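Tertiary structure, described
One-letter residues, chain by chain:
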Amino acid sequence: MIILFIGDIFGVPGRDALFHGLYNIKKREGVDLCIANGENAASNGRGLSGRDACDIMESGVDVITMGNHVWSCREFEEFADRMPVVRPANIGRGRPGKGYLVTEVNGVKVGVCNIEGRAFIDIVGDDIFACADDCIGAMKAEGAAITVVDFHAEATSEKKLVGMYLDGKVTAVLGTHTHVQTADETVLPGGTGYITDAGMTGISKESIIGMAYKGVYEKYALGRKSSFEPVKHGTLEIRGVVIDADETTGKCRSVKRIAETVVPPV
Ligand SMILES: [Fe+2]
Ligand SMILES: [Fe+2]
């Protein structure tokens, strides 16, 4: 099974990039299932509204994962339970939304799980390892032959730690949150596909991980209170990875980085 995983979709440009570019990538790569991180898909770059989720799914995404911005858009709690959206399983215990789901693709059950890291991140969640074990056990109990974990974290070391902890237990551990695609995609010794960060989808080149330079400079260099504004014009890019998953063993055959520019028709 070929799974396309898309890194953090950022704002309107991120959704535009998918609208104009996702179909071709899916066709070219022979994608069976598309998973995308949507924690920044709202127009202000924070959270996910119901309309954003519908936009993303209309472009060809099957399952949306989230991250530390999960609660930024209040509307999320209204639709999270009834849409194919997963949010970090180890934060917001008792709040709406699910930490994993199992979907079926061509007769094969695929589990998708979202876990958040604890290092250098604003919402510090519960035990990563216990939560991951619980979610993986639950997905397998529901018949998932293939399991994918979106590990949403800041520290590269924590991401690799979780990748190695889950090696052999899941099909892939794919990092999100930093918005900068890493060049360490690999299949770990136990057969788990891994990348530290899948990168961002939207305008990367002309922004600071999605936001305009001015507001970020004023805050960090001048100490001014300033609002971060998403960049609206620039180069549209889709970044992520393509996983080739073995339905029989649940292991990953290969991980390939996707990093391409999307040029909308004029
Ligand atoms: Fe993000
Ligand atoms: Fe994040």
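Report on the accompanying structure. Remember, predicted model here, so these are calculated numbers, not experimental data.

Our next topic: the overall build of the protein chain. Helix and strand counts for the protein chain stand at six helices and 13 strands. Relative to the globule expectation of 18 Å for 266 residues, the C-alpha radius of gyration of the protein chain, 17 Å, shows essentially globular dimensions. Projecting the C-alpha coordinates of the protein chain onto the three principal axes gives extents of approximately 50 × 40 × 35 Å. Out of the 266 residues in the protein chain, the part that is buried amounts to 48%. Across the protein chain, contacts joining residues at least 24 apart in sequence account for 66% of those joining residues at least 6 apart.

Here strand 12 (residues 236-245) runs beside strand 13 (residues 252-262); their pairing, made up of ten bridges, is antiparallel. Paired with V241 across the strands is R257, a residue of strand 13. Between strand 12 and strand 13, which pair antiparallel in sequence order, lie six residues; one of them, G250, sits at a positive phi of approximately 75 degrees.

By secondary structure assignment, the location of G202 is in strand 11 (residues 202-203). Distance in space between the C-alpha atoms of G202 and G14 is 3.6 Å, their sequence separation being 188 residues. Residues in contact with G202, not counting those within four places in the same chain, are I9, F10, G11, P13, G14, A17 and G210.

Ranked by size, the top nonpolar core spans 71 residues in total, and within it F5, C113, V148 and V149 carry the most contacts. Residue contacts for V148: discarding those within four places in its chain leaves I3, F5, I35, V112, V170, T171, A172 and L174.

The next point concerns unusual backbone geometry. The residue H177 is not glycine, and still its phi comes out positive at about 105 degrees. A positive phi is found at I209, a non-glycine position, where the angle reads about 40 degrees. Of note, I209 is situated in the loop between strand 11 and helix 6 (213-220). By C-beta crowding, I209 is classed as partly exposed, having 17 other C-beta atoms within 10 Å.

This paragraph deals with helix 1 (residues 11-29). Compared with an ideal rise of 1.5 Å per residue, which puts 19 residues at 27 Å, helix 1 spans 25 Å between its outermost C-alpha atoms and is within 8% of the ideal. When the local axis directions of helix 1 are compared, the greatest deviation, roughly 50 degrees, occurs at G21. For helix 1, the full list of buried residues reads G11, P13, G14, R15, A17, L18, G21, L22 and I25. Buried-residue contacts for helix 1 involve strand 1 (2-6), helix 2 (50-58), strand 11, strand 12 and strand 13. Looking one or two places after helix 1, you find G30, whose phi comes out positive at around 65 degrees.

This next bit is on the pairing of strand 12. Along a regular strand, successive side chains alternate from one face of the sheet to the other. Counted residue by residue, strand 12 has nine buried out of ten residues, so it is predominantly covered. Sheet topology note: the strand 1/strand 12 ladder contains five bridges and is antiparallel. From the neighbouring strand, F5 faces strand 12, where its bridge partner is V241. Here strand 11 runs beside strand 12; their pairing, made up of two bridges, is antiparallel. When the bridges of strand 12 are listed, I203 appears paired with L236.

Looking at the secondary structure, you find V173 in strand 8 (residues 172-176). Separated by ten residues in the primary sequence, V173 and G163 have C-alpha atoms spaced 5.7 Å apart. Excluding residues that lie within four positions of it along the chain, V173 makes contacts with V149, F151, V162, G163, L166, T192 and Y194.

Moving on: the sheet that holds strand 8. Pairing is mixed in the open sheet, where six strands are placed in the order 5-6-7-8-10-9. The open sheet is flanked by strand 5 (100-105) and strand 9 (186-187), the only strands paired with a single partner. Strand direction decides the pairing type here: strand 9 and strand 10 (residues 193-195), joined by two bridges, are antiparallel. The residue of strand 10 that forms the bridge with T186 is Y194. Packing against the sheet, helix 4 (residues 128-141) makes contact with strand 5, strand 6 (108-116) and strand 7 (146-152), and its axis sits at approximately 165 degrees to strand 6. Helix 5 (residues 156-165) contacts strand 7, strand 8 and strand 10 of the sheet and is inclined by roughly 165 degrees relative to strand 8.

With that settled, the discussion passes to the environment of G50. Among the secondary structure elements, G50 is positioned in helix 2. The exposure class assigned to G50 is partly exposed, which follows from the 16 C-beta atoms found within 10 Å. For the pair G50 and M83, spaced 33 residues apart in sequence, the C-alpha to C-alpha distance is 9.0 Å. Beyond its immediate sequence surroundings of up to four residues, G50 is in contact with E75 and F79.

What counts, and at which threshold
Residues numbered from 1 in each chain as written. Chains lettered and ligands numbered in written order. Predicted model: local features only at pLDDT ≥ 70, side-chain atom pairs only at ≥ 80, totals over all residues. Helix = DSSP H or I, 4+ residues; strand = E, 2+ residues; numbered from the N terminus. Rg over C-alpha atoms; globule rule 2.2 N^0.38 Å. Buried ≥ 20, exposed ≤ 12 C-beta atoms within 10 Å, placed from the backbone. Contact = placed C-beta atoms within 7 Å. Pairing = 2+ DSSP bridges. Core = buried A, V, L, I, M, F, W, Y, C linked by C-beta atoms within 7 Å. Expected span 1.5 Å × (residues − 1). Bend = angle between axes of the 7 residues up to and from the residue. Axes fitted to C-alpha atoms, helices over the stretch in contact; angles between N-to-C directions.

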